[in-house]
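An overview of the molecular structure
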Amino acid sequence: MSNSYLFSGSIVALVTPMDDHGEVDFVTLKKLVEYHIAAGTDAIVSVGTTGESATLSIDENVKTILKTVEFADGRIPVIAGAGANATSEAIVMTKLLNDSGVAGCLSVVPYYNKPTQEGMYQHFKAIAECTDLPQILYNVPGRTGSDMLPETVGRLSKIDNIVGIKEATGDLSRVQKIKQLAGEDFIFLSGDDPTGLESMKLGGQGVISVTNNVAAADMAKMCDLALAGKFEEAEQINQRLAGLHKNLFVESNPIPVKWAAYRLGLIPYPILRLPLTILSEGAQPIVEDALKQAGLIS
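Rules behind the numbers
Residues numbered from 1 in each chain as written. Predicted model: local features only at pLDDT ≥ 70, side-chain atom pairs only at ≥ 80, totals over all residues. Heavy atoms only, no water. UniProt positions renumbered as here; feature names shortened; annotations may be inferred. Pairing = 2+ DSSP bridges. Helix = DSSP H or I, 4+ residues; strand = E, 2+ residues; numbered from the N terminus. Axes fitted to C-alpha atoms, helices over the stretch in contact; angles between N-to-C directions. Salt bridge = Lys/Arg side-chain N within 4 Å of Asp/Glu carboxyl O. Buried < 20%, exposed > 50% of the residue type's maximum accessible area, 1.4 Å probe, protein only. Phe/Tyr/Trp six-rings, centres within 6.5 Å; stacked < 30°, edge-to-face > 60°. Lys NZ or Arg CZ within 6 Å of the ring centre and 35° of its normal.

As annotated in an unreviewed UniProt entry, the protein chain is 4-hydroxy-tetrahydrodipicolinate synthase from [Haemophilus] felis. As its UniProt record puts it under Function (unreviewed entry), the protein chain is described as follows: "Catalyzes the condensation of (S)-aspartate-beta-semialdehyde [(S)-ASA] and pyruvate to 4-hydroxy-tetrahydrodipicolinate (HTPA)."

Take a look at the structure:
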């Protein structure tokens, strides 16, 4: 199985379900894995940003990832969220996953401490050297405060087990820039639902998606069509999902998508770990309308 096969198409940035006490709900997690397998989702990112990695302990992070792998049982690749803003912590996390059965790791640009481009290079190089697992870089400056430039991605792409990037700037010019600097085999995954289809038209291999949490079958179909070059048909689905792409970010992710998943009965509670709080009453009708536009509720 090639990396391009493992890491392409419709990949869900999976929410981490919580019980009414704010603990990870593994019964519901198993149901979510089954939902995505049945819907045709191509891979699961476990405990990324949407999975509340920042407010789970390392033990909880690892246990949730291991349980996701167990529930997937080889039927769908699981990519582990294993990033941190301390290189040493990211290395600890990655080493704990070495023999876990994950297909690879998603590692975010260090947040808050604002490293230089050289600091980013050294950070990801050190992580890659501690493991044989394929590494996907994750650039999301809107959340980290730092933007990893295509030139740095190009340098990192020369490290054997750094195989791709989740690029969440929404800057479509980066698809071609990164492909030129990192090579055509380097995997480009959009981390921005509103521009995800457009990035695939330009040569991207897929989307690591928040929308996928609640519209899994539609996202799978849209990405399948796009990868087959059937962009007009893909666009019809994308237009129907446009409200979700936008309004699942009406408050900080994953606040709206957890409420949407709760509204659809996919999770029993819309609970998040503090400092994130349940979607405000004023924003709930906005997400409700997007679910209606997508045809997920009447």
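After that view of the structure, there is still more to cover.
This part is about the sheet that holds strand β3 (residues 78-81). Taken in spatial order, the eight strands close into a barrel running β1-β2-β3-β4-β5-β6-β7-β8, and their pairing is parallel. With direction set aside, neighbouring strand axes in the sheet form an average angle of 25 degrees. Judged from the two bridges that link them, strand β7 (residues 187-190) and strand β8 (residues 206-209) form a sheet pairing that is parallel. Note on β8: the bridge partner recorded for leucine 189 is glycine 206.

Attention now moves to the pattern of salt bridges. Per the stated rule, a full pass over the model turns up 14 salt bridges. For glutamate 70, the salt bridge is made with lysine 67, and the minimal N-O distance between the two is 3.5 Å. Pair noted here: glutamate 70 and lysine 67 are both in helix α3 (residues 58-72), with a separation of three residues, about one helical turn. Notably, a salt bridge pairs glutamate 288 with arginine 263, separated by 2.9 Å at the nearest N-O pair. Highlighted residues: glutamate 288 in helix α13 (residues 284-293) and arginine 263 in helix α12 (residues 255-263), separated in sequence by 25 residues. We classify arginine 263 as partly exposed; its relative accessible area is 33%. What you see here is one network of salt bridges that share partners, running through Asp147, Glu167, Asp171 and Arg174.

This next bit is on the packing of aromatic side chains. As enumerated under the stated definition, the model contains zero aromatic pairs in all. Directly above the ring of tyrosine 121 sits arginine 155, whose terminal nitrogen or CZ lies 3.7 Å from the centroid.

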